Protein chains: 2
Amino acid sequence: MVSADPRPRRRADAERSIARIVSAARETLSRDPSATVDDIAKTAGVGRMTLYGHFRTRPELVEAALVDALHDGERMLTGLDLGGDAQMAMNRLLASSWLLVAESAALLTAAQGVLTPGRLRELHNAAADRMEQLIRRGQRQGVFRTDLPLTWLVNAVHYILNGAAEETRLGRLDPADSPGIVIATVQAILAAPAVDGLPQQPGTNT
Amino acid sequence: MVSADPRPRRRADAERSIARIVSAARETLSRDPSATVDDIAKTAGVGRMTLYGHFRTRPELVEAALVDALHDGERMLTGLDLGGDAQMAMNRLLASSWLLVAESAALLTAAQGVLTPGRLRELHNAAADRMEQLIRRGQRQGVFRTDLPLTWLVNAVHYILNGAAEETRLGRLDPADSPGIVIATVQAILAAPAVDGLPQQPGTNT
DNA sequence: TGAAAGTCGTACTCATCCATACGAGTTATG
DNA sequence: CATAACTCGTATGGATGAGTACGACTTTCA
């Protein structure tokens, strides 16, 4: 399961080009999901032919960009404690991943239009699962609501994340305030409704 | 300010064609925001040339479809009581407009890619204002939270609406359940956080 | 019923973008 | 330093989709 290189021999400058291209693809597609191959090549400061030398088709390039972003996510979450109080864990998860998710929202859109749903799910599942497990744990702890479908809760969080990303990109939200706003909103969505005079399962919230 | 007809004389069959085209545009663009003029004409059961006879460019057609959808919204809200308790009013607003908003979500996306931001705002402002006023009133009543930017609250509701629309379209949400889920989620987002032992302004919730 | 209005197919131009072909020049690396 | 790997411009092919031109046919309506 170690990352196997089908192409072990590659020159240093080629490696550099690929890195610049992938980076440019992430940047460009995050601003405009329908960006042209030529746009991406220009942003990378590289001829279009060089790009095609490494990525045979546009979908292949988009996938590479998405995979790179997801790898960043995994790396970022390494060593992040998702145990303990689910609410706190969720806040930590959001605080550390919000920026990446925000930046990659449009990239995900681009991928949706170009990759098969199956392939997309395969790539994106790890991230989605993590969120789902955490919410489920919060439900068992009694701090997250259980009266709405789990799938909806997971996706509602995503929609809020992407929405906040867009608001930030459009300048309607101060990037400095965004994390706090996202956390507060997600908390509100997930929180178990504390009915007046019927404070949920007592004893579960230490 | 009455709707002025720049083209008073128009034959009955032309009127019919236009209606079918606009309807087809709404339907088609709501499924695929990047639908072709040809697609729309086919859906309308009309030749492409007929379509071009009434709408000179694609943007013009998209705008007509959006305007039609917005008119539907206005018509739907006529006679809807938005007074009284803001929370209840919001529930009524969502219950009656959710379906239309859901259907028009993708249409709005199409419009965003084709209309100038100014023009789009001009068309869409009435609907957005209504939501904003209602939230503001709820804040004055003490039932909606005031610790997040008003703009964000308005747009967060929109993102949830569109998200629910997408979930429904993808079959991940039962259309019968959607309204209830949307209402519950929006309530959670807007509700003033009832701090334990500090139940907000007493006397406002009769 | 006849002229104006509307319908609509075919064929065309124009622009954009993906992808390939070729080939000359440049750089890494054993 | 020689060769293989890489870069990259120009040109080309092919697909798609917007919008126009033209002209024959049909429908409305005064």
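Residues numbered from 1 in each chain as written. Chains lettered and ligands numbered in written order. Predicted model: local features only at pLDDT ≥ 70, side-chain atom pairs only at ≥ 80, totals over all residues. Heavy atoms only, no water.

Draft legend 1. Geometry of the relation of the copies chain A and chain B. Under the fitted operation, chain A is carried onto chain B by 0.1 Å of movement along the axis and a turn of 180°, and the coordinates agree to an RMSD of 0.1 Å. With respect to symmetry, the two chain copies, as superposed, fit the operation of a two-fold axis. Of the interface residues in chain A, 100% have counterparts in chain B that sit at the interface too, so the contact is made through matching surfaces. (Least-squares fit on C-alpha atoms with pLDDT ≥ 70 in both. Contact = heavy atoms within 4.5 Å.)

Draft legend 2. Representation of the protein's contact with DNA strand D within the structure. Residues in close proximity to DNA strand D total 21 residues, the closest being Arg11, Ser17 and Thr50 of chain A together with Arg11 and Arg58 of chain B. Sugar and phosphate atoms represent 65% of those atoms of DNA strand D found within 4 Å of the protein. Within the side chain of Ser17 of chain A, an N or O atom sits 2.4 Å from a phosphate oxygen of DNA strand D. Here Arg58 of chain B contributes a backbone N or O atom positioned 2.7 Å from a phosphate oxygen of DNA strand D. (Near = heavy atom within 4 Å. Polar contact = N/O pair within 3.5 Å; in protein donor to acceptor, adjacent residues only side chain to side chain.)

Draft legend 3. Structural view of the domain arrangement of chain A. Residues and elements named next belong to chain A. Once the domains are mapped, chain A shows domain 1 (12–56) and domain 2 (70–206). Taking the mean C-alpha position of each, domain 1 and domain 2 sit 30 Å from one another. Contacts between domain 1 and domain 2 engage 4 residues on the former and 9 residues on the latter. When domain 1 packs against domain 2, close to 570 Å² is buried across both sides, 57% of that on carbon and sulfur atoms. Considering only the surface of domain 1 that becomes buried against domain 2, Arg26, Ser30 and Pro33 emerge as the three largest contributors, covering 79% of it. Our enumeration of links across domain 1 and domain 2 arrives at 1 salt bridge. Ionic pairing is found between Asp72 and Arg26, a salt bridge with its closest N-O pair at 3.1 Å. At the boundary of domain 1 and domain 2, one finds 2 residue pairs in polar contact (both at pLDDT 80 or more). Among the residues forming the side of domain 1 that touches domain 2, the class breakdown is 2 nonpolar, 1 polar and 1 charged. (Domains from an automatic or database assignment. Buried area = accessible area lost by both parts, 1.4 Å probe. Salt bridge = Lys/Arg side-chain N within 4 Å of Asp/Glu carboxyl O. Nonpolar A, V, L, I, M, F, W, Y, C, P; charged D, E, K, R; others polar.)

Draft legend 4. The arrangement of the interface of chain A and chain B in detail. Chain A puts 21 residues into the contact, and the matching count from chain B is 21 residues. Both sides together, the interface formed by chain A and chain B hides about 1900 Å², and carbon and sulfur atoms give 67% of it. Joining chain A to chain B, the criterion identifies 0 salt bridges. Between the two partners, chain A and chain B, sit 6 residue pairs in polar contact (both at pLDDT 80 or more). Contributing elements (two or more residues each) for the side of chain A that touches chain B: helix H7 (150–169) and helix H8 (178–190) of chain A. Sort the elements by how many residues they give to the side of chain A that touches chain B and H7 of chain A lands first, with 10 residues. The residue inventory of the side of chain A that touches chain B, partitioned by class, reads 12 nonpolar, 4 polar and 5 charged. (Helix = DSSP H or I, 4+ residues; strand = E, 2+ residues; numbered from the N terminus.)

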